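One letter stands for each residue in the lines below.
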Amino acid sequence: MEPIRWGRFAVYHYDAGDLDEEPDMEFPFVPGSRFRAANTGINEPGLQLNLEDFHKGPDIPWTLAHDEAHYVISGECEIEYHLPPLMLESGKVRVKAGDSYFMPRGCRVVWRVLSDEPFRHLCFCVPNPGYPIPVVRSRRG
């Protein structure tokens with residue numbers, strides 16, 4: 001039996017320049033897509049907190065292997081979702097700066113960025129999925 005892995009208290013102070021130096025990446029299986037992502041320095045067993053920009057372009061489909069909540073900082077996006085276990089319950093919402101939303105594990109989502117500015121959001125991943133992304137500029141050594 002594995003013992004509980006305890007996390008540490010952590011704080012992230014948002015810095016609008018934190019993604020400026022991060023490279024553009026493509027989502028797997030979505031040629032032409034663009035996003036940037038970095039970890040806020042909160043990378044504990046129970047939570048990985050990331051800062052992400054999704055750019056206007058091809059729709060971005062994803063299926064979540066963990067629970068995830070987003071807080072939108074800027075931009076606007078339409079999100080189509082399909083809920084497990086059979087993906088029969090679905091819907092579509094529009095979110096913009098100041099909005100939050102939750103996606104349970106197993107949820108299939110499709111993001112469609114509507115704004116010309118990036119769809120910037122804080123991404124709360126529970127438990128920590130271990131996405132291999134760099135730490136934001138403001139938290140580097």
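Q: Mind showing me how you'd approach the overall build of the protein here?
A: In terms of helices and strands, the protein carries zero helices and nine strands. Start at the N end of the protein and walk to the C end: the helices and strands fall as β-β-β-β-β-β-β-β-β. Accessible area for the protein stands at about 8,200 Å²; split by element, carbon and sulfur atoms hold 56% of it. Averaging the positions of the 15 positive and the 21 negative side-chain charges in the protein gives two centres separated by 1 Å.

Q: Mind showing me how you'd approach the nonpolar core here?
A: As a rule of thumb, soluble globular proteins bury nonpolar side chains together. Among the nonpolar cores identified, the biggest contains 19 residues, and Phe 54, Tyr 101, Trp 111 and Phe 119 are the most heavily contacted of them. Of all the elements in the fold, those that place two or more residues in this core are β1 (35-44), β5 (76-83), β7 (100-103) and β8 (108-113). Apart from residues lying up to four places away in sequence, Tyr 101 is in contact with Glu 68, Ala 69, His 70, Val 72, Ile 79, Val 95, Trp 111 and Phe 119. By size, the runner-up hydrophobic cluster in this structure holds eight residues, among which are Tyr 12, Ile 42, Leu 49 and Val 136.

Q: Whenever I open this one, the environment of Val 30 confuses me. Can you help?
A: Mapped onto the fold, Val 30 is located in the segment before β1. Once residues within four sequence positions are removed from consideration, Val 30 is found in contact with Pro 58, Asp 59 and Pro 61.

Q: What exactly am I supposed to notice about the sheet that holds strand β2 (residues 47-54) here?
A: Backbone-to-backbone hydrogen bonds pair the strands of a sheet. The strands run either parallel or antiparallel. The strand order across the open sheet formed by five strands is β1-β2-β9-β4-β7, and the pairing between neighbours is antiparallel. The open sheet terminates on both sides in strands that have one partner only, identified here as β1 and β7. For this sheet, the mean inter-axis angle between neighbouring strands, taken without regard to orientation, is 20°. As judged from the four bridges shared by strand β4 (residues 67-74) and β7, these two strands associate in the antiparallel manner. What sits directly across from Ala 69, in β7, is Phe 102.

Q: Sorry, what's going on with the environment of Leu 19 here?
A: On the secondary structure map, Leu 19 appears in the segment before β1. Among the residues examined, Leu 19 registers a relative accessible area of 0% and is labelled buried. The sequence separation of Leu 19 and Val 30 amounts to eleven residues, and the corresponding C-alpha distance is 21 Å. Leaving out residues up to four positions away in the same chain, Leu 19 has contacts with Arg 36, Ala 37, Ala 38, Leu 51, Glu 52, Asp 53 and Arg 120.

Q: What exactly am I supposed to notice about the sheet that holds β5 here?
A: Pairing is antiparallel across the open sheet formed by four strands, whose spatial order is β3-β8-β5-β6. Single-partner strands in this sheet number two, and they are β3 (60-63) and β6 (89-96). Adjacent strand axes in the sheet meet at a mean angle of 20° when their direction is disregarded. As paired elements, β5 and β6 share eight bridges and run antiparallel to each other. Bridged to Glu 76 within β6 is Lys 96.

Scoring rules and cut-offs
- Residues numbered from 1 in each chain as written.
- Predicted model: local features only at pLDDT ≥ 70, side-chain atom pairs only at ≥ 80, totals over all residues.
- Heavy atoms only, no water.
- Helix = DSSP H or I, 4+ residues; strand = E, 2+ residues; numbered from the N terminus.
- Areas by Shrake-Rupley, 256 points an atom, 1.4 Å probe, with all protein chains shown as cover.
- Lys, Arg positive; Asp, Glu negative; His and termini not counted.
- Charge placed at Lys NZ, Arg CZ, Asp CG, Glu CD.
- Core = buried A, V, L, I, M, F, W, Y, C linked by side-chain atoms within 4.5 Å.
- Buried < 20%, exposed > 50% of the residue type's maximum accessible area, 1.4 Å probe, protein only.
- Contact = heavy atoms within 4.5 Å.
- Pairing = 2+ DSSP bridges.
- Axes fitted to C-alpha atoms, helices over the stretch in contact; angles between N-to-C directions.

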